[in-house]
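Here is what each chain is made of, one letter per residue.
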Amino acid sequence: MKQMGTTIKSFKKYRKQALNAVESPYSNGYLEGNIGRIKKIKNTAFGFRNWENFVNRIKIQRQWLHPARQTVTYKKVPRPIKLQILHKDSINFT
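Reading guide: rules and limits
- Residues numbered from 1 in each chain as written.
- Predicted model: local features only at pLDDT ≥ 70, side-chain atom pairs only at ≥ 80, totals over all residues.
- Heavy atoms only, no water.
- Helix = DSSP H or I, 4+ residues; strand = E, 2+ residues; numbered from the N terminus.
- Areas by Shrake-Rupley, 256 points an atom, 1.4 Å probe, with all protein chains shown as cover.
- Expected span 1.5 Å × (residues − 1).
- Buried < 20%, exposed > 50% of the residue type's maximum accessible area, 1.4 Å probe, protein only.
- Phe/Tyr/Trp six-rings, centres within 6.5 Å; stacked < 30°, edge-to-face > 60°.
- Polar contact = N/O pair within 3.5 Å; in protein donor to acceptor, adjacent residues only side chain to side chain.

Topic: the overall build of the protein
Logical step 1: Per the secondary structure count, the protein includes 4 helices and 0 strands.
Logical step 2: In the form shown here, the protein has an accessible surface area of approximately 10,600 Å², with 59% of it arising from carbon and sulfur atoms.

So this is what it looks like as C-alpha cells:
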C-alpha cells in the first residue's frame, strides 16, 4: 500500500504536467527513438576514430531502417455490383 501512496503523491505533484501530456497532440517519441538508435550505434562501434565516420554510420543506419517511401498510384477499379441475396423461403416456386 506504501507504493500506491507514492504513486498518488507523484500524480498530485505533477498533475499539471500529466494532464498537459495527455491533452497535447505533440510527443517527443520520435526524438527519443532517434537518440536511442544513435546510442546503440555508439555502443556497438566501440568508438569511431573520425567524427565524419560516426555521422555517416548514423545516416546509413537511418536510411537502412527507414528507406525512402515510394509513391504508389492506384488504378481506378469499378466497384462490384451489390447483389441482394434472397432467402430460400422468400422464393415462390409455384
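Observations regarding helix α1 (residues 2-13)
Logical step 1: When the terminal C-alpha atoms of α1 are compared, their 17 Å separation across 12 residues agrees well with the 16 Å that a helix rising 1.5 Å per residue should span.
Logical step 2: Of all 12 residues in α1, 0 are buried, a share of ten percent or less.

Considering the packing of aromatic side chains
Logical step 1: Scanning the entire structure with this criterion turns up 1 aromatic pair.
Logical step 2: Seen in terms of ring centroids, W51 and F54 are 5.5 Å apart; in terms of plane orientation they differ by 55 degrees. Their pairing is tilted. Here W51 pairs with F54, and both are found in helix α4 (residues 51-65), just 3 residues apart, close to one helical turn.
Logical step 3: Residue W51 is classed as exposed on the basis of its relative accessible area of 60%.

Considerations on the side chain of N34
Logical step 1: One can find N34 in helix α3 (residues 29-45).
Logical step 2: By relative accessible area, which is 14% here, N34 ends up buried.
Logical step 3: Within the structure, the side chain of N34 is placed 2.9 Å from the side chain of R37, a separation counted as a polar contact.

Concerning α3
Logical step 1: For α3, with 17 residues, the first-to-last C-alpha span of 24 Å sits near the 24 Å given by 1.5 Å per residue.
Logical step 2: Where α3 ends, the next residue or the one after it, F46, has phi of about 55 degrees, a positive value.

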